[in-house]
Amino acid sequence: MKRKETLLSTQPSQALDIDDLDDDHVATSYETPLRADAFEMDDDLKMELIAKHFREIMHILGMDLTDDSLKGTPNRVAKMYVKEVFSGLNPKNKPTAKLFDNKYEYNEMLVERDITFYSYCEHHFVPIYGKAHVAYISSGKVIGLSKINRIVQYYAKRPQVQERMTVQIANELKKILKTENVGVVVDAVHMCVSSRGVGDTNSRTGTAHFSGKFSDENTKKEFLNYINTPNNLNGK
């Protein structure tokens, strides 16, 4: 595509008290906020521009970019952002899920627990990491287990808010499986809480989404009891 660099507006905004806004937990929608032209620029150009701007950030911080340890960092960060940790922003990376008939007529909940994920807080761009637990009750179709993991990873690999990620995972599964019978629980550590700001290294954040049969208290309790049962596999 034609080389075109998008520059951020540098016009001054109304005076705001950054200390008041610094730790606000804001989420505007369950959809990830993206511009309409977000994918008009190809990945190579995105990496080139990110590397350029990250090099400038490092320079402003006073780092010596001629040092052997640092001179490759801007390119490494750019590749990491586009190809790895934020790859879930691009719809072309969305996992394709194939459905299968529920030939075993298994009508109880299926639970995929302890799905490890790594995401990034969209407010400070530092890691969020933890476990997702996903369950559904078939309406006649089932999905490969690995696809559940891939769906979690897809929505994690972007700047995120944990509440939004939880809803996005649930909505995607409901759409694919054509059922409202979905439960999702996410338990995570936020580095924006532990490594800066209040500096709390012990707290964790929990979010949940229950719909369909999982709104029933007994079904919900069964799901929660299962994911809270100690994992004794492999001696754990």
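So, a few notes on the structure that sits alongside this text. (Residues numbered from 1 in each chain as written. Predicted model: local features only at pLDDT ≥ 70, side-chain atom pairs only at ≥ 80, totals over all residues. Heavy atoms only, no water.)

With that settled, the discussion passes to the overall build of the protein. Each helix and strand in the protein was counted, giving seven helices and seven strands. Listing every helix and strand of the protein by position from the N terminus yields α-α-α-β-β-β-β-α-β-α-β-α-β-α. Within the protein, buried positions represent 36% of all 236 residues. Within the protein, contacts between residues separated by at least 24 positions form 72% of all contacts whose residues are at least 6 apart in sequence. (Helix = DSSP H or I, 4+ residues; strand = E, 2+ residues; numbered from the N terminus. Buried < 20%, exposed > 50% of the residue type's maximum accessible area, 1.4 Å probe, protein only. Contact = heavy atoms within 4.5 Å.)

Counted residue by residue, strand 3 (residues 127–137) has eight buried out of eleven residues, so it is predominantly covered. Two elements, strand 2 (residues 109–121) and strand 3, share ten bridges in a ladder whose sense is antiparallel. Bridged to Leu-110 within strand 3 is Tyr-136. As paired elements, strand 3 and strand 6 (residues 182–190) share nine bridges and run antiparallel to each other. Note that in strand 6 the partner of Ala-132 across the bridge is Val-186. (Pairing = 2+ DSSP bridges.)

This brings us to the packing of helix 4 (residues 145–156) against helix 5 (residues 162–177). Where helix 4 meets helix 5, the axes come as close as 10 Å, and the angle between the chain directions of the two elements is 140 degrees. As summarised for this structure, helix 4 and helix 5 are arranged oblique, according to the angle between their axes. Between helix 4 and helix 5 the crossing geometry is right-handed. When helix 4 is examined against helix 5, the residues Ile-151, Val-152, Tyr-155 and Ala-156 are found in contact with a partner set consisting of Met-165, Gln-168, Ile-169, Glu-172, Leu-173 and Ile-176. Taken together, the residues that form the contact of helix 4 with helix 5 break down as eight nonpolar, one polar and one charged. (Axes fitted to C-alpha atoms, helices over the stretch in contact; angles between N-to-C directions. Parallel < 35°, antiparallel > 145°, perpendicular 65-115°, else oblique. Left-handed = near helix turned anticlockwise from the far one by under 90°. Nonpolar A, V, L, I, M, F, W, Y, C, P; charged D, E, K, R; others polar.)

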